[in-house]
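Structural characterization, general
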Amino acid sequence: MNDMAIILLAIGGIILTVGDIVMKQWVQTDKVWLYVLGLGIYLIGLNFLAQSFKSKNIAVASVIFVIFNVVTLSIVSWFYFREQLSGMQIAGIMLGLSSIVVLELADK
């Protein structure tokens, strides 16, 4: 059951990243329909988070969800938007990934 929660959180984090990309497009174009679409995508992503609460502590699930979102968003922003990450930001992302491992090991 624990693996299923991680899968739900990863999918939800990736969907949230898609919502972030749509919101970035909304900011750049000021098209209201992109804003509404972004909110809808966020809602779908948050449903995955909510489902993970059935088998995972709410605080742990939320941290893992956000870390998946930050990692995927960092990759997309680097490739798609050509936004650079500093060494400190990359180190922070690595610490976030490490925290998922620690949180999961604490569950076993």
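Just so it is clear, the structure is predicted and the values come from calculations on it, not from any experiment.

**Comments concerning the packing of helix 2 (residues 32-52) against helix 3 (residues 58-79)**
In the contact formed by helix 2 and helix 3, the axes pass within 9 Å of each other and the chain directions differ by 145 degrees. By crossing handedness, the relation of helix 2 to helix 3 is classed as right-handed. Side by side, helix 2 and helix 3 meet where G45, L46, L49 and S52 of the first sit next to A61, S62 and F65 of the second. Across the contact of helix 2 with helix 3, the residue classes tally to 4 nonpolar, 3 polar and no charged.

**Some thoughts on the pattern of salt bridges**
The full count for this structure, using the stated rule, is 1 salt bridge. With a closest N to O distance of 3.1 Å, E83 and K24 form a salt bridge. Note that E83 is positioned in the loop between helix 3 and helix 4 (87-107) and K24 in helix 1 (residues 2-29), a separation of 59 residues in sequence. Overall, E83 belongs to the partly exposed group, its relative accessible area being 33%.

**Overview of the nonpolar core**
Core analysis: the largest hydrophobic core is formed by 14 residues, its most contacted members being L9, L49, I64, F65, F68 and I100. Among the elements that make up this core, the one with the highest residue count is helix 3 (7 residues). Contacts of I100, omitting those with residues within four sequence positions, involve I64, I67 and F68.

**A look at the confidence of the model for the protein chain**
Taken as a whole, the protein chain shows an average pLDDT of 89; of its residues, 97% reach a score of 70 or greater. Averaged over each element, pLDDT in the protein chain is lowest for helix 4 (82) and highest for helix 2 (96).

**A few points about helix 1**
Given 3.6 residues to a turn, an α-helix orients residues that are three or four positions apart in the same direction. Taking 1.5 Å of rise per residue, the 28 residues of helix 1 would be expected to cover 40 Å, and the 41 Å separating its terminal C-alpha atoms lies within 8% of that figure. Two residues or fewer after helix 1 comes D30, characterised by a positive phi angle close to 60 degrees.

**A closer look at the packing of aromatic side chains**
Counted by the stated rule, this structure contains 3 aromatic pairs. Ring centres of Y80 and F81 lie 4.8 Å apart, and the angle between their planes is 85 degrees; this geometry places the pair in the edge-to-face category. Taking the relative accessible area as the measure of exposure, Y80 reaches 54% and is therefore exposed.

Procedures and definitions
- Residues numbered from 1 in each chain as written.
- Predicted model: local features only at pLDDT ≥ 70, side-chain atom pairs only at ≥ 80, totals over all residues.
- Heavy atoms only, no water.
- Axes fitted to C-alpha atoms, helices over the stretch in contact; angles between N-to-C directions.
- Helix = DSSP H or I, 4+ residues; strand = E, 2+ residues; numbered from the N terminus.
- Left-handed = near helix turned anticlockwise from the far one by under 90°.
- Contact = heavy atoms within 4.5 Å.
- Nonpolar A, V, L, I, M, F, W, Y, C, P; charged D, E, K, R; others polar.
- Salt bridge = Lys/Arg side-chain N within 4 Å of Asp/Glu carboxyl O.
- Buried < 20%, exposed > 50% of the residue type's maximum accessible area, 1.4 Å probe, protein only.
- Core = buried A, V, L, I, M, F, W, Y, C linked by side-chain atoms within 4.5 Å.
- pLDDT = per-residue confidence, 0-100.
- Expected span 1.5 Å × (residues − 1).
- Phe/Tyr/Trp six-rings, centres within 6.5 Å; stacked < 30°, edge-to-face > 60°.

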